[in-house]
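Below are the chains, spelled out letter by letter.
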Amino acid sequence: MDDRSSRRPISEIEAELVAREKSPEAVADVFDEFVRSADSGGRARTSWSVTRKWYAVNGDVERQHTTGTFVRSPKAHGSLPTLVVYVDSRARMVDFQANREIYRARMEQVGLRFEDVEFRVSKWAKGAVSRPVTHDAPPALPELSSEESSWVDNMTSDLPEKLKSSVSRAMRVTMQAEKRRNS
């Protein structure tokens, strides 16, 4: 009768085995706890945790073209660090640089404050060609009935000419999309 839980552990290793058998913990839970402790308190402790949050708050294009992140120490005592994001092409660097305040605000929403966000082309991606983002063409929208078209025309008839066409087009596309969803 070799029941390890009923007898006194002989060694430290055996004690650890008994403890694991009594309360097994999934590897994912251990890993999640490690990640939470690595970036708790709103401080950017590791580039890895910053990269995780960068991927979490941004879209597919940013995730596809980001090759890494780096947190540069503050230049002056009491100021915030700078987030440096490495991308795979110069074109993406220029695109992302135009929206750097948006990215800074997104990072602040998840608890990481930065003085600035800079973008650089990764030295590992020099000469790399930006991969085009391909989207499948959406299926054609169903046509509106004459009653639906008349209703849109009636609803937009009092609008100024500058707005009438764009509002009318938006209403038609919305109704067509709704029609496709309901069919």
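The following refers to the structure shown. (Residues numbered from 1 in each chain as written. Predicted model: local features only at pLDDT ≥ 70, side-chain atom pairs only at ≥ 80, totals over all residues. Heavy atoms only, no water.)

### Looking at the packing of aromatic side chains
A ring pair, where both rings are aromatic, is described by two values, the distance of the centres and the angle of the planes. Summed over the entire model, instances satisfying the criterion amount to five aromatic pairs. When the centroid spacing of 5.6 Å and the interplanar angle of 65 degrees are considered together, the rings of Tyr103 and Phe119 count as edge-to-face. Of this pair, Tyr103 sits in helix H6 (residues 100-109) while Phe119 sits in strand E3 (residues 116-121), and the two are 16 residues apart along the sequence. Of the two residues, Tyr103 and Phe119, neither departs from the other in class, the shared state being buried. Among the aromatic residues, those joined into a ring-pair cluster are Trp54, Phe96, Tyr103 and Phe119. (Phe/Tyr/Trp six-rings, centres within 6.5 Å; stacked < 30°, edge-to-face > 60°. Helix = DSSP H or I, 4+ residues; strand = E, 2+ residues; numbered from the N terminus. Buried < 20%, exposed > 50% of the residue type's maximum accessible area, 1.4 Å probe, protein only.)

### Some words on the sheet that holds strand E1 (residues 66-72)
Two pairing modes exist for strands in a sheet, parallel and antiparallel, and in both the strands are linked by backbone hydrogen bonds. Read across the open sheet, the three strands follow the order E1-E2-E3; overall the sheet is mixed. Whereas interior strands pair on both sides, the edge strands pair on one side only; in this sheet they are E1 and E3. Ignoring strand direction, the axes of neighbouring strands in this sheet form an average angle of 25 degrees. In this sheet, strand E2 (residues 82-87) lies alongside E1 in antiparallel orientation, the contact comprising six bridges. Note on E2: the bridge partner recorded for Val71 is Leu83. Here helix H5 (residues 90-98) sits on the sheet in contact with E1, E2 and E3, set at roughly 170 degrees to E3. The strands touched by H6 within the sheet are E2 and E3, with E3 carrying the most contacts at an inclination of about 120 degrees. (Pairing = 2+ DSSP bridges. Axes fitted to C-alpha atoms, helices over the stretch in contact; angles between N-to-C directions. Contact = heavy atoms within 4.5 Å.)

Honestly, it's all geometry; don't read function into it.
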